[in-house]
Amino acid sequence: LVISKYALDCKQYNTSRTAVTWETSTLRTWLNNDFINKAFSADEKAMIPTVTVSADKNPVYDTNPGNATQDQVFLLSITEANQYFSSDSALQCEPTDYAVAKGAFVNSNLGSCWWWLRSAGITLDYAVYVYAVDKLGVDVSEHGGYVDYDGSAVRPALWIDLNP
């Protein structure tokens with residue numbers, strides 16, 4: 001599993017504020033079409049398998065997570081973020097200059113940006129994100145933010161097959 005060290009871009013989870021799951025989000029479509037085709041060569045793409053991405057439930061809210069998907073590039077769920085990052089400080093993510101230029105919100109004291117997870121928030125027009133707040137550090141907002149919020153960054157994840 002490869003998780004981007006940096007937030008690479010700033011995108012809405014979905015381009016309109018409507019009930020949406022990871023399966024139907026415009027961010028998922030962008031990652032598995034535009035992003036993968038621009039970020040990777042044909043040889044590199046051949047090493048990125050299509051995998052089943054689970055529809056993990058939000059552990060705090062009983063929001064419908066939708067269906068599992070088949071993706072090459074995805075965002076982490078709340079469950080995965082907690083599994084792969086050992087502490088709140090490990091969740092900190094510095095944005096690229098490109099992500100900042102595209103509007104990523106950055107906590108100037110921590111140098112960390114807000115970044116999307118694929119889990120649904122309190123309702124389906126909210127998506128979960130990781131945020132950085134002064135003195136509180138970095139944490140996961142299970143409540144989430146509106147899916148059309150344009151200040152959260154994108155931190156892609158993918159699997160690599162070293163023997164394609």
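Given the structure is predicted, the values throughout are model-derived calculations rather than measurements.

Criteria and thresholds
- Residues numbered from 1 in each chain as written.
- Predicted model: local features only at pLDDT ≥ 70, side-chain atom pairs only at ≥ 80, totals over all residues.
- Heavy atoms only, no water.
- Disulfide = S-S within 2.5 Å.
- Buried < 20%, exposed > 50% of the residue type's maximum accessible area, 1.4 Å probe, protein only.
- Helix = DSSP H or I, 4+ residues; strand = E, 2+ residues; numbered from the N terminus.
- Pairing = 2+ DSSP bridges.
- Core = buried A, V, L, I, M, F, W, Y, C linked by side-chain atoms within 4.5 Å.
- Contact = heavy atoms within 4.5 Å.
- Phe/Tyr/Trp six-rings, centres within 6.5 Å; stacked < 30°, edge-to-face > 60°.
- Lys NZ or Arg CZ within 6 Å of the ring centre and 35° of its normal.

**Structural notes on the state of the cysteines**
Within this structure, the stated rule accounts for 0 disulfides. Between Cys10, a cysteine without a disulfide, and Cys113, which holds the nearest cysteine sulfur, the sulfur-to-sulfur distance is 8.5 Å. This cysteine, Cys113, is not joined by any disulfide, and Cys93 carries the nearest cysteine sulfur, 4.5 Å off.

**Points about the pairing of strand E9 (residues 126–133)**
Taking burial as the measure, the 8 residues of E9 include 6 buried ones, the bulk of the element. Note that strand E8 (residues 115–120) and E9 share 3 bridges and pair antiparallel. Paired with Ala120 across the two strands is Ala127, which belongs to E9. As judged from the 7 bridges shared by E9 and strand E10 (residues 137–146), these two strands associate in the antiparallel manner. Within E10, the residue paired with Ala132 across the bridge is Val138.

**Here's the deal with the nonpolar core**
Within the largest apolar cluster, 41 residues are counted, with the highest numbers of intra-cluster contacts made by Tyr13, Leu27, Leu31, Leu75, Leu91, Trp115 and Leu117. Residues in contact with Leu27, not counting those within four places in the same chain, are Lys11, Gln12, Tyr13, Leu75, Trp116 and Val154.

**Overview of the packing of aromatic side chains**
This model, assessed by the stated rule, comprises 12 aromatic pairs. Their ring planes at 70° and their centres at 6.2 Å tell us that Trp114 and Tyr131 sit as a pair that is edge-to-face. On the criterion of sequence distance, the pair formed by Trp114 in the loop between strand E7 (112–113) and E8 and Tyr131 in strand E9 is long-range, its members being 17 residues apart. Using a relative accessible area of 18% as the deciding quantity, one classes Trp114 as buried. For the pair Tyr126 and Tyr146, a centre-to-centre distance of 4.6 Å together with 35° between the ring planes defines the contact as tilted. Placement of the pair is Tyr126 in strand E9 and Tyr146 in strand E10, with a sequence separation of 20 residues. It is Arg17 that lies over the ring of Tyr146; its NZ or CZ is 3.5 Å from the centre. Cation over ring: Arg155 sits above Trp115, and NZ or CZ is 4.7 Å from the ring centre.

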